[in-house]
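Descriptive analysis of the structure
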Amino acid sequence: PLAKPVDEIPAGNLRTLTRKARGCQACPLWKPATQTVFGQGPEDALAMLVGEQPGNQEDITGAPFVGPAGQLLDRALEEVGLDRDTLYLTNTVKHFKFEMRGKARLHKRANAAEQEACRMWLAAELLQVQPKIVVALGAMAAHTLFGNQFRVTRERGQWRTLPGGTRALASWHPSAVLRAPSSRREQLRGELVADLRLLAQALE
Ligand code: URA
């Protein structure tokens with residue numbers, strides 16, 4: 001159900017996929033990264049949340065959404081009464097990309113070729129979990145799911161249907177909320193919470 005078809009979708013249950021993805025060298029990001037950060041959550045999750053790519057703390061721990069963006073997401077989910085452990089959380093790109101600045105590892109956005117190389121894993125996760133609802137957090141996920149014409153600014157918070165019937169929604173990426181100037185931050189956070197509330201209502 002991705003916007004562009006994937007040539008070969010890796011087969012297997014989530015355990016197998018996680019193991020296979022651990023050895024992925026389909027793009028150069030595997031080399032400097034600590035590890036692959038595959039999605040996590042129940043095999044039968046009703047909803048899948050798709051972010052952009054792991055950050056520093058995700059790279060170190062191997063789990064998605066555990067750093068500052070993950071904490072913001074956790075609070076937002078809590079606010080709408082959703083339990084994170086019932087959702088499948090994953091990213092569009094499964095490796096941390098960074099640039100050394102002194103001793104710090106500065107986040108860099110995965111380019112089009114790196115996103116393309118990683119699409120097979122998201123396709124495999126979708127095929128295995130078959131969620132009723134998919135939420136794209138940020139433009140990278142929204143473009144992969146809905147096509148490059150999608151604009152989060154104009155189209156977030158609106159239900160759409162993916163080929164195959166999966167319902168889908170886009171919202172702000174929690175990192176975008178964190179990065180926004182303080183004058184805009186509360187508004188963006190409120191919109192993210194409102195969009196997650198749509199998810200919570202659809203799951204009721
Ligand atoms: N941002 C993401 O998109 N995903 C993570 O897992 C963490 C931060």
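Predicted, not measured: the structure shown is a model, and the values here were computed from it.

So, how was this worked out
Here, residues in each chain are numbered from 1, in the same order as that chain's written sequence. For a predicted model such as this one, the threshold for reporting local features is a pLDDT of at least 70, and the threshold for listing and counting side-chain atom pairs is 80 or more; totals across whole chains, interfaces and linings nevertheless cover every residue. pLDDT: the predictor's confidence for each residue, scored from 0 to 100. Contact assignment follows one rule, namely that a residue is near a molecule or strand if its backbone-placed C-beta atom lies within 6 Å of it. Gly is placed with the polar residues, together with every amino acid not listed as nonpolar (Ala, Val, Leu, Ile, Met, Phe, Trp, Tyr, Cys and Pro) or charged (Asp, Glu, Lys and Arg). Axis definition: a line fitted to C-alpha atoms, over the contacting stretch in the case of helices. Angles run 0 to 180 degrees between N-to-C directions. Comment: elements are numbered from the N terminus, with helices defined as DSSP H or I runs of at least four residues and strands as E runs of at least two. An angle below 35 degrees is read as roughly parallel, one above 145 as roughly antiparallel, one from 65 to 115 as roughly perpendicular, and any other as oblique. Each crossing gets its hand from how the near helix is turned against the far one by less than a right angle, where anticlockwise is left-handed and clockwise is right-handed. Residue pairs qualify as contacts under a 7 Å threshold applied to their C-beta atoms, which are placed from the backbone. By definition, a nonpolar core groups buried Ala, Val, Leu, Ile, Met, Phe, Trp, Tyr and Cys residues that are joined through C-beta atoms within 7 Å. Whether a residue is buried, exposed or partly exposed follows from its count of other C-beta atoms within 10 Å of its own C-beta, namely 20 or more, 12 or fewer, or something in between, respectively; the C-beta atoms are built from the backbone. Between any two strands, pairing holds if DSSP finds at least two bridges. One less than the residue count of a helix, multiplied by 1.5 Å, gives the span that helix is expected to have. Axes are fitted to the seven residues ending at a residue and to the seven starting at it; the angle between these axes is taken as the bend at that residue. Each C-beta atom gives one direction from the helix axis, and the arc is the one those directions make.

Comments concerning the confidence of the model for the chain
In the predicted model, the chain carries a mean pLDDT of 98, and the fraction of residues at 70 or more is 100%. The ipTM, which scores confidence in the relative placement of chains, is 0.93 for this predicted complex, and the corresponding pTM is 0.98.

Focus on the site of the ligand
Around the ligand sit 13 residues, and of these Gly51, Glu52, Pro64, Phe65 and Ala69 come closest. Partitioned by chemical class, the residues of the shell around the ligand number four nonpolar, seven polar and two charged.

With respect to the packing of helix 3 (residues 68–79) against helix 8 (residues 182–203)
Where helix 3 meets helix 8, the closest approach of the two axes is 9 Å, and the angle between their N-to-C directions is 50°. Taken together, helix 3 and helix 8 sit at an angle that is classed as oblique. In terms of crossing hand, the pair formed by helix 3 and helix 8 is right-handed. Across the interface between the two elements, Ala76, Leu77 and Glu79 of helix 3 pack against Leu192, Val193 and Leu196 of helix 8. Considering only residue class, the contact of helix 3 with helix 8 consists of five nonpolar, no polar and one charged.

Digging into the nonpolar core
Ranked by size, the top nonpolar core spans 49 residues in total, and within it Met48, Val50, Val135 and Ala136 carry the most contacts. If sequence neighbours within four positions are ignored, valine 135 has contacts with Ala47, Leu49, Val50, Leu169, Ser171 and Leu199.

What to know about the sheet that holds strand 2 (residues 88–91)
Reading across from one edge, 2-1-5-7-6 is the order of the five strands in this open sheet, with mixed pairing throughout. Both outer strands of the open sheet, strand 2 and strand 6 (160–161), are each paired with one neighbouring strand and no more. Direction of pairing for strand 1 (residues 47–51) relative to strand 2: parallel, over a ladder of four bridges. Bridged to leucine 49 within strand 2 is leucine 89. Sheet contacts for helix 8: strand 1, strand 5 (133–137) and strand 7 (167–171); angle to strand 7, the most-contacted strand, approximately 165°.

Some words on helix 4 (residues 112–129)
Between its first and last C-alpha, helix 4 extends 25 Å over 18 residues, near the 26 Å set by a 1.5 Å rise per residue. Largest kink in helix 4: about 35°, centred on cysteine 118. When we look at burial in helix 4, the residues that qualify are Glu114, Gln115, Ala117, Cys118, Arg119, Trp121, Leu122, Ala123, Ala124, Glu125, Leu126 and Val129. Where helix 4 is buried, its residues meet helix 1 (14–22), strand 1, strand 2 and helix 5 (139–146). Of the residues trailing helix 4, glutamine 130 is marked for its positive phi of about 45°.

Quick word on helix 3
Over its 12 residues, helix 3 extends 17 Å from the first C-alpha to the last, a length consistent with the 16 Å expected when each residue adds 1.5 Å. Regarding helix 3, the residues found buried are Ala69, Gly70, Leu73, Ala76 and Leu77. Angularly, the buried residues of helix 3 cover 120° about the axis, an arc narrow enough to put them on a single face. Buried residues along helix 3 sit in contact with helix 7 (174–179) and helix 8.

Examining unusual backbone geometry
One non-glycine residue, phenylalanine 65, adopts positive backbone phi at about 55°. Phi is positive for glutamine 130, which is not a glycine, with a value near 45°. As for its placement among the helices and strands, glutamine 130 is situated in the loop between helix 4 and strand 5. Using a count of 15 C-beta atoms within 10 Å as the deciding quantity, one classes glutamine 130 as partly exposed.

Observations concerning the packing of helix 1 against helix 4
The relative placement of two packed helices comes down to the angle between their axes together with the axis-to-axis distance. One way to put it is that helix 1 packs onto helix 4 with a least axis distance of 10 Å and a crossing angle of 170°. Compared by their axis directions, helix 1 and helix 4 come out roughly antiparallel. Seen from helix 1, the contacting residues are Leu14, Leu17 and Ala21; seen from helix 4, they are Trp121, Ala124, Glu125 and Gln128. Here the contact of helix 1 with helix 4 is built from residues that sort into five nonpolar, one polar and one charged.

As for the pairing of strand 3 (residues 98–101)
Summarising the sheet, strand 3 and strand 4 (residues 104–107) pair through four bridges and their orientation is antiparallel. If you follow methionine 100 over to strand 4, its bridge partner there is arginine 105. Taken together, strand 3 and the strand that follows it, strand 4, pair antiparallel across an intervening segment of two residues, in which glycine 102 is found at a positive phi of about 65°.

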